[in-house]
Amino acid sequence: MIGDISKAEHIYIAVGYTDMRKQIDGLSAIVQQNFKLDPFSNSVFLFCGRNTRVMKALYWEGDGFVLLYKRLENGKFKWPRDESEAREITHQQFRWLLEGLSIVQHKTIQKSYPQVVL
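Cut-offs applied
- Residues numbered from 1 in each chain as written.
- Predicted model: local features only at pLDDT ≥ 70, side-chain atom pairs only at ≥ 80, totals over all residues.
- Heavy atoms only, no water.
- Helix = DSSP H or I, 4+ residues; strand = E, 2+ residues; numbered from the N terminus.
- Buried < 20%, exposed > 50% of the residue type's maximum accessible area, 1.4 Å probe, protein only.
- Areas by Shrake-Rupley, 256 points an atom, 1.4 Å probe, with all protein chains shown as cover.
- Lys, Arg positive; Asp, Glu negative; His and termini not counted.
- Charge placed at Lys NZ, Arg CZ, Asp CG, Glu CD.
- Contact = heavy atoms within 4.5 Å.
- Pairing = 2+ DSSP bridges.
- Axes fitted to C-alpha atoms, helices over the stretch in contact; angles between N-to-C directions.

1. Observations concerning the overall build of the protein
A tally of regular secondary structure across the protein gives two helices and five strands. Along its sequence from the N terminus, the protein presents helices and strands in the succession β-α-β-β-β-β-α. The C-alpha extent of the protein, read off along each of the three principal axes, is 60 × 30 × 25 Å. In the protein, buried positions account for 37% of the 118 residues. Accessible area for the protein stands at about 8000 Å²; split by element, carbon and sulfur atoms hold 51% of it. Distance from the positive charge centre (16 side chains) to the negative charge centre (13 side chains) of the protein: 10 Å.

Have a look at this one:
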């Protein structure tokens, strides 16, 4: 299926600002040159510009690149801006980002593994 990024082993977010006029060649060059990562790996690379209502995702499907574009009609993505590098995020953090949440949730409920049943 075209654009099935659920099969990706890794998800990388380009922290900071990206020129959203860039297309596949420009974004894959950023992945290679700036982040020293392989755009042909089984990874999704996420980019966001100054307008945090739009996001691009770059994914290699084995026979070609897929470039996905998402624009929010209401709200903005909580995009981390403090560094100009790529960092790996989990699938859960990716879902949070798509839902308009921060990728760092400070008030999540921690799982417990009780040893004794009362």
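The rest of the description comes next.
2. Describing the side chain of Ser43
Inspection of the secondary structure assignment puts Ser43 in strand E2 (residues 43-48). We classify Ser43 as buried; its relative accessible area is 2%. For Ser43, the residues in contact, after removing those within four places along its chain, are Ala8, His10, Tyr12, Leu58, Tyr59 and Trp60.

3. Thoughts on the sheet that holds strand E5 (residues 86-89)
Within a sheet, each strand pairs with its neighbour through backbone hydrogen bonds, oriented either parallel or antiparallel. Across the sheet, five strands lie side by side as E4-E3-E2-E1-E5; this open sheet has mixed pairing. Taken across any chain shown, the strands that pair with only one partner, and hence form the sheet edges, are strand E4 (65-71) and E5. Strand after strand, the sheet turns through a mean of 25° between neighbouring axes, direction not considered. Sheet topology note: the strand E1 (residues 10-14)/E5 ladder contains four bridges and is antiparallel.

4. Topic: unusual backbone geometry
With the exception of glycine, the majority of residues adopt a negative phi angle, and the majority of peptide bonds are in the trans configuration. A positive phi angle, close to 55°, is found at Lys36, a residue other than glycine. Its place among the elements puts Lys36 in the loop between helix H1 (24-34) and E2. For Lys36, a relative accessible area of 66% puts it in the exposed group.

Purely geometric stuff here, so don't read any function into it on its own.
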